[in-house]
Amino acid sequence: MDGQFLSQRMNVLDHIWTSFYESSAMIAPSDPDYIETKKIVLGTKNIKPIYVPLITWIEDTFARTPVNIYVDRIRPDNKQRLTVIFRTAPEADEFKEKDGLNFDRDKQTQIATKFIESRTLFQRLRSLDKANPFVIFTGFDRVARCDVFQSVSEDVVSAVVSPILPNLWCVRNMLSSSIIFLYRCYSKIRKFSWVMTRKLSDTFSRNFVHSCGMVSRMN
């Protein structure tokens, strides 16, 4: 009975993760779509020619210019997914419904249809997909912040924090945040920790996005 209960719960968690993964992309700096887009933003790689017409159409239609289009497949049915990647998260958020949670279905359909139309006859014949791809939108800067912050060692963060918090025990970095551990707890430490992490993240991120020519978009 216990084994069956555990198996059911694991199936539920797997379903939740699958649903989350299908609607998300470019979560971590190690993701292939982020690695490819980073090279494009830094000017060491060009956008694939097949996606240039679609990017031009999106710019003309929605007055927003993607920095990259990334196409892959998602489980469990190996469905084709088309990720439209913008420089910043606010640009990507413009392609969501008013609730800010779900993607705008009309815009998804328009872009998926245009993607199919932009392919050559040869490419259409080679494709096994009968349905339109699943279209999602994301911002490059979200993962770029994590990428930059992960390059900063915990010792550097400790050196910044320790003069202010003499009871500092240790610092552990997670994504774009630092978790600060103290020997003794203070009532305002949670707020301080968030503010300090935000300042550090913004400082390191600004240096990175400046090198990518993104400062004007993020200020």
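What comes next is a walk through the structure. (Residues numbered from 1 in each chain as written. Predicted model: local features only at pLDDT ≥ 70, side-chain atom pairs only at ≥ 80, totals over all residues. Heavy atoms only, no water.)

1. Some details on the overall build of the chain
Across its full length, the chain holds ten helices and five strands. Every one of the 219 residues in the chain was classed for burial, and the buried ones make up 37%. Across the chain, every contact between residues at least 6 apart in sequence was considered, and the portion connecting residues at least 24 apart equals 59%. As displayed, the chain has an accessible area near 13600 Å², and 56% of this comes from carbon and sulfur atoms. (Helix = DSSP H or I, 4+ residues; strand = E, 2+ residues; numbered from the N terminus. Buried < 20%, exposed > 50% of the residue type's maximum accessible area, 1.4 Å probe, protein only. Contact = heavy atoms within 4.5 Å. Areas by Shrake-Rupley, 256 points an atom, 1.4 Å probe, with all protein chains shown as cover.)

2. A closer look at the nonpolar core
Judged by nonpolar contacts, the single largest core of 19 residues is most densely connected at Leu54, Ile58, Ile69, Leu82, Val84, Ile111 and Phe137. Elements represented by at least two residues in this core include exactly helix H3 (52-62), strand E2 (79-86), helix H5 (105-118) and strand E3 (134-139). Per-element accounting of this core gives the leading share, five residues, to H3. Discounting chain neighbours no more than four positions away, the residues touching Phe137 are Val84, Phe86, Ala92, Phe95, Phe103, Gln108 and Ile111. Of all hydrophobic cores here, the second largest spans nine residues; its members include Val67, Ile85, Phe140 and Val143. (Core = buried A, V, L, I, M, F, W, Y, C linked by side-chain atoms within 4.5 Å.)

3. A few points about the packing of helix H2 (residues 32-42) against helix H7 (residues 140-150)
A pair of packed helices can be characterised by two numbers: the angle between their axes and the separation between those axes. Two numbers describe how H2 lies on H7: the axes approach to 11 Å, and their chain directions differ by 95°. By the angle between their axes, H2 is roughly perpendicular relative to H7. Between H2 and H7, the contacting residues are Tyr34, Thr37, Lys38 and Val41 on the first element and Phe140, Val143, Ala144 and Asp147 on the second. (Axes fitted to C-alpha atoms, helices over the stretch in contact; angles between N-to-C directions. Parallel < 35°, antiparallel > 145°, perpendicular 65-115°, else oblique.)

4. Regarding the sheet that holds strand E1 (residues 68-74)
Strands sit in the order E1-E2-E3 across an open sheet of three strands; the sheet is mixed. This sheet does not close on itself; its edge strands, each paired only once, are E1 and E3. Taken over all neighbouring pairs, the strand axes of this sheet differ in orientation by 25° on average, direction set aside. Where E2 lies against E3, six bridges are found, and the strand directions are parallel. The residue bridging Phe86 from the neighbouring strand is Gly139, located in E3. Set on the sheet, H3 makes contact with E1 and E2; between it and E1 the angle comes to about 115°. The strands touched by H7 within the sheet are E2 and E3, with E3 carrying the most contacts at an inclination of about 50°. (Pairing = 2+ DSSP bridges.)

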